[in-house]
Amino acid sequence: MILTTTHGIEGHQVTRYHGIVSAEVILGANVFRDIFAGIRDFVGGRSGAYEKPLRQAREMAMEELEAEARDKGANAVIGIDIDYEVIGDSGSMLMVSISGTAVTIS
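Residues numbered from 1 in each chain as written. Predicted model: local features only at pLDDT ≥ 70, side-chain atom pairs only at ≥ 80, totals over all residues. Heavy atoms only, no water.

Caption draft 1: Representation of the environment of P53 in the model. Mapped onto the fold, P53 is located in helix α2 (residues 48-71). A relative accessible area of 13% means that P53 is categorised as buried. A C-alpha to C-alpha distance of 7.7 Å links P53 and L27, two positions 26 residues apart in sequence. (Helix = DSSP H or I, 4+ residues; strand = E, 2+ residues; numbered from the N terminus. Buried < 20%, exposed > 50% of the residue type's maximum accessible area, 1.4 Å probe, protein only.)

Pasting the structure below:
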């Protein structure tokens, strides 16, 4: 299945629209990771404590999006939008939401 943020796929024609598909993944952030990420942010550099969970959440959401599109009979999803939000009382949860248009391409 082709998944893309563009509204078309070069060399392919959209032959059928199946509708909007979406997926959400919410992950909790570990308190110790938050502390170490804060230290890393204070002294500079990349925060591996957050990069790995972000990547995992995005991959999980993409898998769910693909499964929903397949269930609708699509072979591609175009116009994908990925959003990241911090939620929860103390901002301890990370939500990744993805949406796009499920289509059949030739």
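Now that the structure is up, let's keep going.
Caption draft 2: Just the nonpolar core, in detail. One finds V21, A61, L65, A69, V77, V96 and I98 to be the most contacted residues of the largest nonpolar core, which totals 14 residues. At the level of secondary structure, the elements contributing two or more residues to this core comprise β2 (14-28), α2, β3 (76-87) and β4 (93-105). Beyond its immediate stretch of four places on either side in the chain, V77 contacts M1, I2, L3, T4, V21, L65, A69, G100, T101 and A102. Membership of the second largest hydrophobic core comes to five residues, among which are I9, A76, I78 and I105. (Core = buried A, V, L, I, M, F, W, Y, C linked by side-chain atoms within 4.5 Å. Contact = heavy atoms within 4.5 Å.)

Caption draft 3: A look at the sheet that holds β2. The sheet built from four strands is open, its strands ordered β1-β3-β4-β2 with mixed pairing. The open sheet terminates on both sides in strands that have one partner only, identified here as β1 (2-3) and β2. Sheet analysis places β3 next to β4, joined by ten bridges and oriented antiparallel. In the strand pairing of β4, I87 is matched with M93. (Pairing = 2+ DSSP bridges.)

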